[in-house]
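Report on the structure
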Amino acid sequence: MSEQRRMPMGRGMQSVERAKDFRGSMKKLFRYMGRYKFRFILMFLFAVAGTVFNIVGPKVLGKATTELFTGLVAKVNGTGGIDFEKIGMILLGVMGLYLASALFSLVQGFMMTGISNDVTYNLRKDISQKINRLPLNYFESRTHGEILSRVTNDVDTLQMSLNQSMTQLITSVTTLIGVLVMMLSINVWMTLAALLILPVSMVIINFVMKRSQKYFRDQQSFLGKVNGQIEENYGGHNVVKVFNKEQDVVDEFEKDNRKLYESAWKSQFFSGMMMPVMQFVGNLGYVMVALLGGYFAIRGTIEVGEIQSFFQYIRNFTQPIQQIAQVTNLLQSSAAASERVFEFLEEPEEDQRAEHPADIRGLKGNVQFEHVSFGYNPDRMIIHDFSADVKDGQEIAIVGPTGAGKTTMVKLLMRFYDVNSGQIRIDGHNVKDFNRSQLREMFGMVLQDTWLFSGTIMENIRYGRLDATDEEVIAAAKAAHIHNFIMQQPGGYQMVLDEETSNISQGQKQLLTIARAILADNRILILDEATSSVDTRTEMQIQKAMNNLMKGRTSFVIAHRLSTIRDADLILVMKDGDIVEQGSHRELLEKGGFYAELYNSQFEQKAAG
């Protein structure tokens, strides 16, 4: 699913990603917000109350203007004077109304902020828990960025949209209805004249949006291209220099940047036109209302203060219409974001618990594969009939060309996927008889792609067993042959690895992950291409650490360099998803089969190098 970046698009206009099912998405969102029903109702009442008090203010203020005008006329005619006490009381009443309105608005804003924060807090918590219950194929079929955007971009968009759109929608609709009622209560004909502004405004908005939308789409498209070029050229800067492509890169960037400039200029021009044109139309409406108001005042059917109030209401009438248009965009963003979030939360989960789970305590490391067949797609099987009997403490090497199914076997063993037919047993128990989390407690893994986090070396090793003492961590580091290196670093075990762990080498990272696995002390080990990305000297060091790690444990070693698994108890040679050969290194070489071909080809490449 492509993530569309939402960028500001000019005054009052915005590129909005629309939901496929707006109504269904909003229903799910409101159902999720049901736990805050009482707070939401209170917020709604406070928002309406604050708006109503604000609407009543201009009409009461108009009474003060009428009183002042009447007093001035009476003073000129010599029949009376200005009643400042009455005007003062009216103004105090208006001040009270506006203070009450501000107080109610403050409370509703505080409550809505609390609701939106609580909703997004719980959504993030639900997403975090959901991630741990999703099957591995979900993550393998989507990009990391797409999954991360659910937790970050979509939830942030939802929070912002909820916080702004809900209260604005309530206040805008209340203001629109309230102002219309107040205008009608002053004069029907003046209200009709003011309402003539609306169709004219809608025609202008529709005209501008139709003309500008094409340019906004182009702007977003070329902005994506320009950003993509910058990212690619920055990431592959060395390649650009090696092939002397600097000028080509600049020319290509200039071409797209020019198109971005042209589309952005046109889109901003059209959106910039809207405000002055709307102001002009609005001023025409003011002129019509002023003429009618003067006519009715001369006839004595309307008071001067009411004309002043009416002008304030006209200004307040057009504002909520614009706000409702903006809220519509925000609600579209909310619906699109909530659609993706709830789509993620409704993804099918893998079954975490067995009905009558077996206990892992006391188990050793005997593993049996019995006629295992598996395919990520049932129509295309990649493992056809795989059988093997692994004894506790043995080192089992799995070798074969890329795509043979080596890593897939490990995924099946740990139940990241379930077999299509056959079964895998640990000490006689089918792996399906264990709770998944308990089953995985039996396994330790060292992968080709090392994973370390920003923190101290001590914390990274202790991640294997969080209750381990400092002495146990140091003992694990010594067994992994990394202790001396650590002690040479500033801070020793308290040295902080940076975010990208770029302040240590690949081989040192690998040794730290081996130390972590030694500390975890799992019964079964999985070593997946653990030495494939290091030099020969570092490989020997890692091999020593791995030998310490594998002592007394059942170990599955997926190896690319066949020289590293010559001492394995059993070598399983895979080709096209099947075990084509199995035996010790010597036995397989004597057979002169597929393994011998692989081994000899690597030896010849090494000799030729």
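It should be noted that the structure appears before, not after, this text.
Here is a short report on the structure shown in this document. (Residues numbered from 1 in each chain as written. Predicted model: local features only at pLDDT ≥ 70, side-chain atom pairs only at ≥ 80, totals over all residues. Heavy atoms only, no water.)

**Overview of the overall build of the chain**
Tallying secondary structure elements over the chain gives 19 helices and twelve strands in all. When contacts within the chain are restricted to residue pairs at least 6 apart in sequence, long-range pairs at least 24 apart make up 78% of them. As presented, the chain carries roughly 32600 Å² of accessible surface, and 57% of it is formed by carbon and sulfur atoms. (Helix = DSSP H or I, 4+ residues; strand = E, 2+ residues; numbered from the N terminus. Contact = heavy atoms within 4.5 Å. Areas by Shrake-Rupley, 256 points an atom, 1.4 Å probe, with all protein chains shown as cover.)

**Some words on the pattern of salt bridges**
Under the definition given, this model contains 13 salt bridges. Close ionic contact of D392 with R523 constitutes a salt bridge, the shortest N to O distance being 3.1 Å. Residue D392 is found in the loop between β2 (383-390) and β3 (395-399), and its partner R523 is found in the loop between α16 (506-520) and β9 (524-528); the two are separated by 131 residues along the sequence. Assessed through its relative accessible area of 31%, D392 is described here as partly exposed. Among the ionic pairs, D467 bridges to R465, the shortest N-O distance being 3.6 Å. Three or more residues are tied together by salt bridges with common partners; here these are R415, D418 and R436. (Salt bridge = Lys/Arg side-chain N within 4 Å of Asp/Glu carboxyl O. Buried < 20%, exposed > 50% of the residue type's maximum accessible area, 1.4 Å probe, protein only.)

**Here we look at unusual backbone geometry**
For H371, which is not glycine, the phi torsion reads 50 degrees and is therefore positive. Residue placement: H371 occurs in strand β1 (residues 367-374). What makes H371 exposed here is its relative accessible area of 52%. For D521, which is not a glycine, the phi torsion comes out positive at approximately 60 degrees. Summarising the element assignment, D521 is placed in the loop between α16 and β9.

**Considerations on the packing of helix α14 (residues 470-479) against α16**
Two elements in contact, α14 and α16, have axes whose closest approach is 8 Å; the angle formed by their N-to-C orientations is 125 degrees. Considering their axes alone, α14 and α16 lie oblique with respect to each other. The handedness of the crossing between α14 and α16 is right-handed. Contacts between α14 and α16 involve E472, V473, A476, A477 and A479 on the former and, on the latter, A515, I518 and L519. (Axes fitted to C-alpha atoms, helices over the stretch in contact; angles between N-to-C directions. Parallel < 35°, antiparallel > 145°, perpendicular 65-115°, else oblique. Left-handed = near helix turned anticlockwise from the far one by under 90°.)

**A word on the sheet that holds strand β4 (residues 421-426)**
In spatial order, the strands read β2-β1-β4-β5; together these four strands make up an open sheet with antiparallel pairing. Every interior strand has two partners, whereas the edge strands, β2 and β5 (429-430), have only one. Two elements, β1 and β2, share five bridges in a ladder whose sense is antiparallel. When the bridges of β2 are listed, Q368 appears paired with D389. Strand contacts of helix α11 (residues 406-413): β1, β2 and β4, with the helix running at about 115 degrees to β1, the strand carrying the most contacts. (Pairing = 2+ DSSP bridges.)

**What about α11?**
Within α11, seven of the eight residues are buried, which leaves it mostly tucked inside the rest of the structure. Of all the positions in α11, only K406, T408, M409, V410, K411, L412 and L413 are classed as buried. A positive backbone phi angle near 60 degrees is found at R415, which sits one or two residues after α11.

**So, the layout of surface pockets**
The volume enclosed by the largest pocket comes to roughly 1600 Å³. Lining the largest pocket we find 36 residues, and of these M414, F416, M445, L447 and W451 sit closest to its centre. Secondary-structure elements contributing two or more residues to the lining of the largest pocket are α4 (136-140), α11, α12 (436-441), β6 (443-447), α16 and β9. Ranked by residue count, the leading element in the lining of the largest pocket is β6, at five residues. Of the residues belonging to the lining of the largest pocket, the class tally is 17 nonpolar, nine polar and ten charged. (1 Å grid on protein atoms, 1.4 Å probe; cavity = no way out; pocket = protein on both sides within 12 Å on 5 of 7 lines; lining within 4 Å. Points joined across faces, edges and corners; volume = space filled by probe spheres on them. Nonpolar A, V, L, I, M, F, W, Y, C, P; charged D, E, K, R; others polar.)

**Some words on the sheet that holds strand β12 (residues 578-583)**
One open sheet accounts for six strands, arranged β6-β9-β10-β3-β11-β12; its pairing is mixed. Of all strands in the sheet, those bounded by a partner on one side alone are β6 and β12. Looking at each pair of strands side by side, their axes are set apart by 20 degrees on average, direction ignored. Strand direction decides the pairing type here: β3 and strand β11 (residues 570-575), joined by four bridges, are parallel. Pairing of A397 across the sheet is with I571, part of β11.

**Comments concerning the environment of E339**
Among the secondary structure elements, E339 is positioned in helix α10 (residues 304-345). On the basis of relative accessibility, which here comes to 16%, the residue E339 falls in the buried class. Residues E339 and G24, 315 residues apart in the sequence, show an inter-C-alpha distance of 8.3 Å.

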